[in-house]
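Structural overview
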Amino acid sequence: MPDQDADPELEARLPEGEVFEPPESFVEQANVSDPDIYDEFEQNWPECWERAADHLSWDEEYDTVLDDSNPPFYEWFTGGELNASYNCIDRHVEDGRGDEEALEWVGEPTDETRTYTYSELQREVEEFAAALRDRGVEEDDIVTLYMPMIPELPIAMLACARIGAPHSVVFAGFSADALATRMNSADSEYLVTCDGYYRRGDPLDHLEKTNEGLEGVEHEVSDVVVVDRLGDDGFGHDLAANQTDYDDLVAEFEGAEVEPVPRDAEDMLFLMYTSGTTGQPKGVKHTTGGYLSYAAWTSHAVLDVKPEDTYWCSADIGWITGHSYIVYGPLALGTTSVMYEGTPDYPDKDRLWEIVEEYDVNQLYTAPTAIRAFMKWGKEYPDQHDLSSLRLLGTVGEPINPRAWKWYYTHIGDEDCPVVDTWWQTETGGMMVTTLPAVNDMKPGSAGPPLPGIDANIVDTTGEQVGAGEAGYLTVNNPWPGMLRTLYDNDERFIDEYWTEYSDTDSSDADDWVYFPEDGATVDEDGYITVLGRVDDVINVSGHRLGTMEIESAIVGVEGVAEAAVVGGDHELKGEAVYAYVITEDGYDGDEDLRERIIAGVEDAIGPIARPEEVVFTTELPKTRSGKIMRRLLEDIANGETLGNTSTLRNPEVVEDIQSKVSND
Ligand code: WT7
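All figures in this text were calculated on a predicted structure; none of them were measured in a lab.

**Side note on the overall build of the chain**
- From N to C terminus, the chain includes 21 helices and 29 strands.
- In terms of principal-axis extent, the alpha carbons of the chain reach across some 75 × 60 × 60 Å.
- For the chain, the residues scored as buried account for 60% of the 665 residues in total.
- A fraction of 71% describes how many contacts in the chain between residues 6 or more apart in sequence connect residues 24 or more apart.
- In the chain, 42 side chains carry a positive charge and 142 a negative one; their mean positions are 5 Å apart.

In structure tokens:
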């Protein structure tokens, strides 16, 4: 396997610390190229956000851009009414663009593709919207969508949006338990799922997992719609009494017309569960007007999406990235969005580049973890393909190391595409910190300045801004349209999680409220922000957020485990990997059997993404005199770093023992 270290030419040409200018050819055609945009937003805040709202068609004009009378419960575009499905589909058809492609779906089996024009998408969405109504779904009912990357997922999302039923998409790779937890939390009585899907050539049983999950749902689930993805490759499950086949159901509604329901700007568009510090996932609530405006605006300004483009975000729709930047943002702008079912290395390691070439993809938005894998596989894979259609590259999900950035810029972008490193979160709805690709120079490894209208600052524990180069905490002072409105059914936790650190929570003045995303960062003399990573008990594995508490409680639930501590250790490809330190119960050995049961326990509770990289059995965990587990120390051990002062420990002697058990290779 070729090693990138053996490419001295590349290293020499692109030394660290170098600054890259936006390519001239890109600037000339960019959606946003005037640097005055930062001042315009600042001087005209919050009315500047009308620019975002102008990307949408409103049934009823809004009266107020921002209502900040009850912080942190901000409301945007109040009085306005709109429908997200209408904005993502119908209006483009009405504009005479019905025959243009909306979705290009690329299946994992290489001979399987489907194209949906905007008119075709409209027909599919209307038919499924009619079907959902027929099953009893009413406005404001939450519909859970537990589906992999198949076209019925965005169709179902848009069908829900059309009838004003918020969706809650659960990543298909999550376990049965995770599905049950989310359906219980949202009191969701409707589910759309599928029989299975393909992974590296093999069919995978999804319905069995779904059924197992449904057993854990505490309320009655009135209806389950099951997409037949696998056909003859399926597992032959019989459908239960409350389960209907998707195609059979939709066939009853052929040609149905369903008027998009006008929704209040502040009405919920969807819920998206994400991991937090406690074991319970958080139901992040996003609204119709603010979220959709923000997804559309950032797609336009940062990804430079134009209606005539073919744009590809390689994320899974089961995460926020796919919601905002496969479905809502790109379709609101009327572009062609590519959706890929498979993995980057099947059937071969050039699959993505084959797709870029075949579809003439103009923008590619992916994750650093994928780029590190491409780099490891070697440049001969992209070199086999003509990638000259690419105009812009993006990354999201975790910090990107400068070496991976430069590899992406050189071998995928041919040094002719700007790279946007976009920092944001499930909660922010869309991008927050990134360069504007035609305006700012790029600094590999640093996301860039906050977007226009975003007041992000790096502060110390007292809230004072830190000096250039000093590490501090990322905070956001002003609200923005795409922000979460609350955590589902839990306003108190919403305040606790995001607003207590730096706000005066007794104040009713919005200026006293500061959003805290729980990330550490530095800022340089040009205002460029480099995000260092989470400062809470959340770890980031391959760009996916996992709560250490969730994993710990899964491990403690395994027979024979007395206590567990989970931390993130550095990982070459994944960014971070799960390290589990486990104390066994009396009478149990830390043997291979227990290790396997622990891994299975984590996969059952969360899913394979949370699988521990290493399970280290120990007799004790390093604790402070007050009994708190020293996680920082466990992280350092996982990373094979020299340890600092351990004298504050109650049990310093355990450290050496644990160290000797961790393999640092
Ligand atoms: C966390 C949010 C945003 C969609 C994908 C993840 C980390 C995200 C970057 C970036 C450094 C990043 C942060 C953030 N993160 N993008 N460009 N540079 N870190 O969404 O699951 O809500 O996770 O991902 O730590 O807080 P998420």
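Next comes the rest of the write-up.
**With respect to the site of the ligand**
- Residues in close proximity to the ligand total 17 residues, the closest being D421, T422, T426, D519 and R545.
- E398 is positioned with one of its backbone polar atoms (N or O) 3.4 Å from a nitrogen atom of the ligand.
- Here an oxygen atom of the ligand and a side-chain polar atom of R534 are 2.9 Å apart.
- Bound to the protein, the ligand loses 96% of the 560 Å² it would expose on its own.
- Counting only elements with at least two residues in the shell around the ligand, the list comes to α12 (320-332), β20 (419-422) and β24 (529-534).
- Tallied by class, the residues present in the shell around the ligand amount to six nonpolar, six polar and five charged.

**Regarding the sheet that holds strand β5 (residues 113-117)**
- Across the sheet, seven strands lie side by side as β5-β4-β17-β16-β18-β19-β20; this open sheet has mixed pairing. Single-partner strands in this sheet number two, and they are β5 and β20. Here the average twist between neighbouring strands, direction ignored, is 15°.
- In this structure, strand β16 (residues 310-313) lies alongside strand β18 (residues 363-366), joined through three bridges in parallel fashion. Bridge pairing in β18 links Y311 to Q363.
- Sheet strands touched by helix α6 (residues 118-134): β4 (101-106) and β5. Its angle to β5, the strand with the most contacts, is close to 95°.

**Points about the UniProt feature "domain: AMP-binding enzyme C-terminal" (unreviewed entry) in the chain**
- Taking the UniProt record as the reference, the feature "domain: AMP-binding enzyme C-terminal" (unreviewed entry) is found at residues 550-628.
- As annotated, residues 550-628 comprises 27% helix and 32% strand, and the C-alpha atoms at either end are separated by 18 Å.

**Here we look at the nonpolar core**
- W49, L121, F128 and Y328 are the most contacted members of the largest nonpolar core, which totals 122 residues.
- When sequence neighbours within four positions are dropped, the list of residues in contact with Y328 reads A84, C88, M157, L158, A161, H167, L269, F270, Y291, L292 and H323.
- With 36 residues, the next largest nonpolar core counts M183, V221, I539 and V541 among its residues.

**A short note on the environment of G342**
- Looking at the element boundaries, G342 is found in the loop between β17 (336-340) and α13 (351-359).
- Residue class for G342 comes out buried when judged on its relative accessible area of 15%.
- When the C-alpha atoms of G342 and G201 are compared, they prove to be 9.2 Å apart, with 141 residues separating the residues in sequence.
- Not counting chain neighbours up to four residues away, the residues in contact with G342 comprise E108 and R199.

**Considering the pattern of salt bridges**
- Following the criterion strictly, the structure yields 37 salt bridges and no others.
- Of the charged contacts in the structure, one is a salt bridge between R229 and E112, with a shortest N-O distance of 2.9 Å. Pair noted here: R229 is in the loop between β11 (223-227) and β12 (243-245) and E112 is in the loop between β4 and β5, with a separation of 117 residues, a long-range link.
- R611 serves as the salt-bridge partner of E603, at 3.0 Å between the closest nitrogen and oxygen.
- Through salt bridges with shared partners, a single ionic network connects K282, E427, R493, E497 and R545.

**Comments concerning the state of the cysteines**
- Tallying each qualifying case throughout the model produces zero disulfides.
- Left unpaired, C88 is separated from the closest cysteine sulfur, that of C160, by 13 Å.

**Describing the side chain of R485**
- Counting through the fold element by element, R485 comes out in the loop between β22 (471-476) and α17 (491-498).
- A polar contact of 3.0 Å, which involves the side chain of R485, links it to the side chain of E266.
- Polar side-chain contacts of R485 include one of 2.5 Å to the backbone oxygen of M483.
- When neighbours within four sequence positions are excluded, R485 is seen to be in contact with F73, Y74, W76, E266, K285, T287, G290 and F494.

**Details of the pairing of β22**
- Examined bridge by bridge, strand β21 (residues 456-459) and β22 share four bridges and lie antiparallel to one another. By the bridge assignment, V459 is partnered in β22 with Y473.

Reading the values: rules and limits
- Residues numbered from 1 in each chain as written.
- Predicted model: local features only at pLDDT ≥ 70, side-chain atom pairs only at ≥ 80, totals over all residues.
- Heavy atoms only, no water.
- Helix = DSSP H or I, 4+ residues; strand = E, 2+ residues; numbered from the N terminus.
- Buried < 20%, exposed > 50% of the residue type's maximum accessible area, 1.4 Å probe, protein only.
- Contact = heavy atoms within 4.5 Å.
- Lys, Arg positive; Asp, Glu negative; His and termini not counted.
- Charge placed at Lys NZ, Arg CZ, Asp CG, Glu CD.
- Near = heavy atom within 4 Å.
- Polar contact = N/O pair within 3.5 Å; in protein donor to acceptor, adjacent residues only side chain to side chain.
- Areas by Shrake-Rupley, 256 points an atom, 1.4 Å probe, with all protein chains shown as cover.
- Nonpolar A, V, L, I, M, F, W, Y, C, P; charged D, E, K, R; others polar.
- Pairing = 2+ DSSP bridges.
- Axes fitted to C-alpha atoms, helices over the stretch in contact; angles between N-to-C directions.
- UniProt positions renumbered as here; feature names shortened; annotations may be inferred.
- Core = buried A, V, L, I, M, F, W, Y, C linked by side-chain atoms within 4.5 Å.
- Salt bridge = Lys/Arg side-chain N within 4 Å of Asp/Glu carboxyl O.
- Disulfide = S-S within 2.5 Å.

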